[in-house]
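For reference, the chains in residue letters:
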Amino acid sequence: MNSANDKTAVLCLSGGMDSTALLLRFLARGYFVHGISFDYGQKHVLELDRLQANLAYLRASGLSQIEWQRIDLTPLNPLLSSALTRQAVEMPLGYYEQESMKSTFVPNRNAIFCSIAYGYALSLAEQFDRRVALGLGIHSGDHAIYPDCRPEFYSALFAAFQVGNWNSQWVELEIPYLHYDKAQILIDGQKSISQLGLDFATMLRNTLTSYQPDERGRSHGLTGSDVERILAFHRCGLIDPIEYRLPWPEVVRQATALEKTFRESAPDT
């Protein structure tokens, strides 16, 4: 159990690469982490199983300063229309910044998640009588498609939280990747893994980025989230340790072609 002498953080953990890097970053900085994850009936809910596998690996590696809760928000699923929540809505394929990717936006999702996380962080701050960091893995690649991943959204949201709560000065928002791209996040995760003495392949294999995995968690590599991840590994000179339905050179070829097509068709700015 956490104590008043620990550096304390509440992290929203999805099981994807970004929030996994965020978790490692906070652990490497000596925080006791209270992780929360949300099951809202998303098609890729397998990501939470992958997260549990990583948490088990971390604890087996001697990193016990983690508590984790899985929050059941599945009753909200019928209320939130998105390609991520509706079986009848086809998942778009292509490059991440394409207009079609907007169908993967879940209305007000991050505001809902942040409201719960903020209440949890404030409660811990009052319990331990100390400041608590609230960490989110939002990054710059999300800004174009998801308005609830933009800096101005978080400025407005947390200003409202401060107005609507007592002792809000005890919660400190930390979004270290807000201006990072996926490759920079991957590099940051590598540094934390090295500092913590962990195995890179094991940690990254236990993540799930795809919006359309099969029952084994394998992706064809064609959804926007897949393409972004594949290109990040490729640009860092790394091979993604997760299993794809096709060999790694083929998924890289697909992702590179999709990005090239998008860039050539995008209007000049």
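Please refer to the structure placed before this passage.
Just so it is clear, the structure is predicted and the values come from calculations on it, not from any experiment.

S.K.: Before we go on, may I ask you to explain the pattern of salt bridges in this structure?
M.R.: Where charged atoms from two side chains of opposite charge come close, those side chains can pair. Under the defined criterion, the tally for this structure stands at 16 salt bridges. With a shortest N-O distance of 3.3 Å, Asp39 and Arg70 are connected by a salt bridge. Highlighted residues: Asp39 in strand β2 (residues 31-39) and Arg70 in strand β3 (residues 66-72), separated in sequence by 31 residues. For Asp39, a relative accessible area of 13% gives the class buried. Between Glu228 and Lys182 there is a salt bridge; the shortest N-O distance is 3.8 Å. In this pair, Glu228 sits in helix α7 (residues 224-235) while Lys182 sits in helix α5 (residues 182-196), placing the two residues 46 residues apart along the sequence.

S.K.: What should I look at first to understand the packing of aromatic side chains in this one?
M.R.: Given two aromatic rings, their pairing is described by the distance between the two centres and the angle made by the two planes. Scanning all chains against the criterion turns up 15 aromatic pairs. Taken together, Tyr118, Phe153, Tyr154, Phe158 and Phe161 form an aromatic cluster joined through their ring pairs. Cation over ring: Arg29 sits above Phe26, and NZ or CZ is 5.1 Å from the ring centre.

S.K.: How should unusual backbone geometry be read in this particular structure?
M.R.: Note: most residues except glycine have negative phi, and most peptide bonds are trans. The phi torsion at Asp129 lies on the positive side, around 55 degrees, for a residue other than glycine. Take Asp129: it is sitting in the loop between α3 (109-128) and β4 (132-135). The exposure class of Asp129 is exposed, given its relative accessible area of 59%. In the Ramachandran plot, Asn167 falls in the positive-phi region, its phi being about 60 degrees despite a non-glycine side chain. You can see Asn167 is positioned in the loop between α4 (151-163) and β5 (171-174).

S.K.: Is there a simple way to think about the packing of helix α1 (residues 17-28) against helix α2 (residues 46-60) in this case?
M.R.: As a packed pair, α1 and α2 sit with axes 12 Å apart at the nearest point and diverge in direction by 20 degrees. Taken together, the axis directions place α1 and α2 in an arrangement best described as roughly parallel. In the packing of α1 onto α2, the handedness of the crossing is right-handed. Note on element contacts: α2 touches α1 through Asn54, Leu55 and Leu58, opposite Thr20, Leu23, Leu24 and Leu27. Partitioned by chemical class, the residues of the contact of α1 with α2 number five nonpolar, two polar and no charged.

S.K.: Help me understand the environment of Pro151, please; the structure alone is not making it clear to me.
M.R.: Assignment of secondary structure puts Pro151 in helix α4. By relative accessible area, Pro151 is classed as partly exposed at 25%. Here the alpha-carbon distance between Pro151 and Leu178, two residues 27 residues apart in the chain, equals 7.3 Å.

Thresholds applied
- Counting starts from 1 at the beginning of each chain's written sequence and moves along it residue by residue.
- For a predicted model such as this one, the threshold for reporting local features is a pLDDT of at least 70, and the threshold for listing and counting side-chain atom pairs is 80 or more; totals across whole chains, interfaces and linings nevertheless cover every residue.
- Heavy atoms from the whole structure form the basis of all side-chain values; hydrogens and water molecules are not counted.
- Criterion for a salt bridge: a side-chain nitrogen of Lys or Arg within 4 Å of a carboxyl oxygen of Asp or Glu.
- Put simply, DSSP H or I for four residues or longer makes a helix, DSSP E for two residues or longer makes a strand, and each gets a number counted from the N terminus.
- Three exposure classes are used, based on accessible area relative to the maximum for each residue type with a 1.4 Å probe and protein chains only: buried under 20%, partly exposed in between, and exposed over 50%.
- Classification of ring pairs rests on two measures: the distance between centres of Phe, Tyr or Trp rings, Trp counted by its six-membered ring, which must be within 6.5 Å, and the angle between planes, read as stacked under 30 degrees, edge-to-face over 60 and tilted in between.
- For a Lys NZ or an Arg CZ to count as sitting over a ring, it must be within 6 Å of the ring centre and within 35 degrees of the ring normal.
- Every axis corresponds to a line fitted to the C-alpha atoms, with the helix fit spanning only the stretch in contact, and the corresponding angles, defined between N-to-C directions, vary from 0 to 180 degrees.
- Throughout, the term roughly parallel applies to angles under 35 degrees, roughly antiparallel to angles over 145, roughly perpendicular to angles from 65 to 115, and oblique to all others.
- Helix crossings get a hand from a simple test, with the near helix turned counterclockwise from the far one by less than a right angle marking a left-handed crossing and a clockwise turn marking a right-handed one.
- Note on contacts: a residue pair is in contact if any heavy atoms of the two residues lie within 4.5 Å.
- We call Asp, Glu, Lys and Arg charged. Ala, Val, Leu, Ile, Met, Phe, Trp, Tyr, Cys and Pro are nonpolar, and the rest, Gly among them, are polar.

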